[in-house]
Amino acid sequence: MRVMTFGESHGKAIGVVLDGVRPGLPIDIDVIQRELDRRRPGQSSITTSRQEADRVEILSGVFDGKTTGTPVCMLIWNRDQRPEAYDKIKSLFRPGHAGFTYLAKYGVSDYRGGGRSSGRETASRVAAGAVAKSILKEEGIQILAYTREVAGIGIRRFEESAIEENPLRCPDPDAAKAMEAAVMQAKESGDSVGGIVEIVVRNAPAGLGEPVFDKLEADLAKALMSIGAVRGFELGNGFAAARLRGSENNDPMYRDEVSGRIRTRTNNAGGIAGGISNGEEIVLKIAVKPASSIRKEQETVSLDGEAAKISVEGRHDPCICPRVVPVAESMVALTILDHLTRQHILDRQKPLRTLRDTIDLIDRNILLLLAERQGIVESIGATKRLKGKKIADPKRERQILKKQLPLARDLGVRESDATALFKTIFAMARRAQRRGDSK
Ligand SMILES: Cc1cc2nc3c(=O)[nH]c(=O)nc-3n(C[C@H](O)[C@H](O)[C@H](O)COP(=O)(O)O)c2cc1C
C-alpha cells in the first residue's frame, strides 16, 4: 500500500492518494468523516480556534460504495485559510518551525502557517488511516491511542470509555482535569505544553514485521516520527529497559491452555521480538513537544539574518497531544496494514506442514467455541422450560442468519456455505436444549 498526501496549510485544499487498496472493500464515508472530526481544529478551548469542517470528498477509486482496486483519492478543502495573518511575520523565522530548514533545502518556503510542514497535512493521513482501520477491523485488529501525560501530569488509572469524553483524550478523567488546567494556564501566559501519547494495537497476529531493515518497530517508529512535533518513540518499556536486569526485563513465556497460543506473562517487549509481532498487545509511546507557535516573545532572525524578536499571534494549539491521537492511530494502522498484507503473501508460501498446523489450531478453536455455545444454549433451554416456552424457535434462527450473513459475505464466505453451517449449529442447539428435558 502506498500513501501520498498533498497540499499546504493555507493553500486551496489538502488530500491523499491511497494506492494498493484491494478491490471490493466497503467504504463508508461517514466512518472516514468521524475520524477526521476527531482531528479537526476548533474542537475545544485547548485546540486551535481555526474553523475547518474538514469535510472529505472521495474523488476516485470507489464505485457503488466499494473500492475498485484503483487509487483512492480523497480531498479536503481548506475553508478557513487566512494567509494574511502571516504577513506581519513573513520576513522572520519562527523558532521551532520549519521555515529555515525548508528554505535551506528548497530555496523557497511557504510562510503561510508552515505550508507543507503544518499539522494540517495530517488530516490527509487520518482519511487514509480510516480506510486502513476499517480493513484491520475486519481482521479483528483494533488500534487505540490516548494522551498519557501532559505538562508532566500523568495518568493514574485507565478508563477506556473516558478517552473521547474529555478534550485531552485522556483515559483518567481526574488527570484530564488537571491537564486541562495546565494547558489553559500555559495558553493564558502565551505559552504551550507538551506530553506523551500512547498507542496500543490489539489482536495483531504473531508474525508481522520484515527483518532486518523493515522490522515492525522500525517501520512504526518511522511512521510515528514523521508526524510534526513528535520528538521521541518508545516500544514497550522502552528507555526503562536500560535500567533493568535481564531477569526483570524478560517476559516469561507459557502456553495458553484455552487458545493453545504461546504467550508472555508480562509485556515489557511491547508485543514485538526480533522485529516481528509476537501476538501480545503492541504498546508504543511518543513524546510530543510543546507547540512552537507561542505569543511569548522569543529571539529569532529575519530572512536577511538580522537579529529580531518574534511573538506568534493567531490560532494555535497550546497542546498538540489530543489532536495527535487520531493521527498516531492512523499512522500505526497504515503500518500494520502494510505488514499484514506482506504477511498474507508470505503465508501463501509457507510449507504445507506449517499451514496444516495453523488449520489444526483454528479447528481446535472452532470446537472450543462450539462447546462454549452449547453450554449457553443449554442454559437457554432450561430457562425456556421454566417459562413453558417451545424449544424450536425458527424466528430467532432467521434473526441470527439475517445478522450474520452480511458478515459472511464481507469476509468472502459463500452465503450457501454459511447458511449450511448455521443450520447444523441450530440442529445441535435444539438437541442440546431438548437434552435437558429428560434430565
Ligand atoms: C495535528 C497537529 C497540529 C499541530 N498544530 C500546531 C500548532 O497549532 N502550532 C504549532 O506551532 N505547531 C503545531 N503542530 C506542529 C508543527 O506542525 C511542527 O512542530 C512543525 O511543523 C515543525 O516540525 P517538527 O516539530 O516536526 O520539527 C501541529 C502538529 C500536528 C500533528
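Reading guide: rules and limits
- Residues numbered from 1 in each chain as written.
- Predicted model: local features only at pLDDT ≥ 70, side-chain atom pairs only at ≥ 80, totals over all residues.
- Heavy atoms only, no water.
- Helix = DSSP H or I, 4+ residues; strand = E, 2+ residues; numbered from the N terminus.
- Buried < 20%, exposed > 50% of the residue type's maximum accessible area, 1.4 Å probe, protein only.
- Contact = heavy atoms within 4.5 Å.
- Areas by Shrake-Rupley, 256 points an atom, 1.4 Å probe, with all protein chains shown as cover.
- Lys, Arg positive; Asp, Glu negative; His and termini not counted.
- Charge placed at Lys NZ, Arg CZ, Asp CG, Glu CD.
- Near = heavy atom within 4 Å.
- Polar contact = N/O pair within 3.5 Å; in protein donor to acceptor, adjacent residues only side chain to side chain.
- Nonpolar A, V, L, I, M, F, W, Y, C, P; charged D, E, K, R; others polar.
- Pairing = 2+ DSSP bridges.
- Disulfide = S-S within 2.5 Å.

## Points about the overall build of the protein chain
Then, number 1: Helix and strand counts for the protein chain come out as 10 helices and 17 strands.
Then, number 2: Principal axes of the C-alpha set define a box for the protein chain whose edges measure 95 × 55 × 50 Å.
Then, number 3: Within the protein chain, buried positions represent 43% of all 439 residues.
Then, number 4: Of the contacts made within the protein chain by residues no fewer than 6 positions apart, 69% connect residues no fewer than 24 positions apart.
Then, number 5: As displayed, the protein chain has an accessible area near 23800 Å², and 54% of this comes from carbon and sulfur atoms.
Then, number 6: On the protein chain, the mean spot of the 70 positive side-chain charges and the mean spot of the 59 negative ones are 6 Å from each other.

## Description of the site of the ligand
Then, number 1: Neighbouring residues of the ligand: 19 residues in total, closest Ser-117, Arg-231, Lys-289, Ser-293 and Asp-317.
Then, number 2: Between an oxygen atom of the ligand and a side-chain N or O atom of Lys-289, the distance comes to 2.8 Å.
Then, number 3: When the ligand sits alone it has 630 Å² of accessible area, and the protein chains cover 87% of it.
Then, number 4: Each residue belonging to the shell around the ligand can be placed in one class, and the counts come to 4 nonpolar, 10 polar and 5 charged.

## Let's talk about the pairing of strand β6 (residues 72–77)
Then, number 1: Of all 6 residues making up β6, 5 are buried, and the element is well covered by its neighbours.
Then, number 2: Of the pairings in the sheet, the one linking strand β2 (residues 13–19) to β6 comprises 6 bridges and is antiparallel in character. Within β6, the residue paired with Val-17 across the bridge is Cys-73.
Then, number 3: Of the strand pairs in this sheet, strand β3 (residues 56–60) and β6 are connected by 4 bridges, and their pairing is antiparallel. Each residue of the ladder has a partner; that of Val-56, found in β6, is Ile-76.

## Concerning the state of the cysteines
Then, number 1: Going through the model one piece at a time under the given rule, you end up with 0 disulfides.
Then, number 2: There is no disulfide at Cys-319, and the cysteine sulfur nearest it, in Cys-321, is 4.1 Å away.
Then, number 3: Assessed through its relative accessible area of 0%, Cys-319 is described here as buried.
Then, number 4: Relative accessible area serves as the criterion here: at 0%, Cys-321 is assigned to the buried category.

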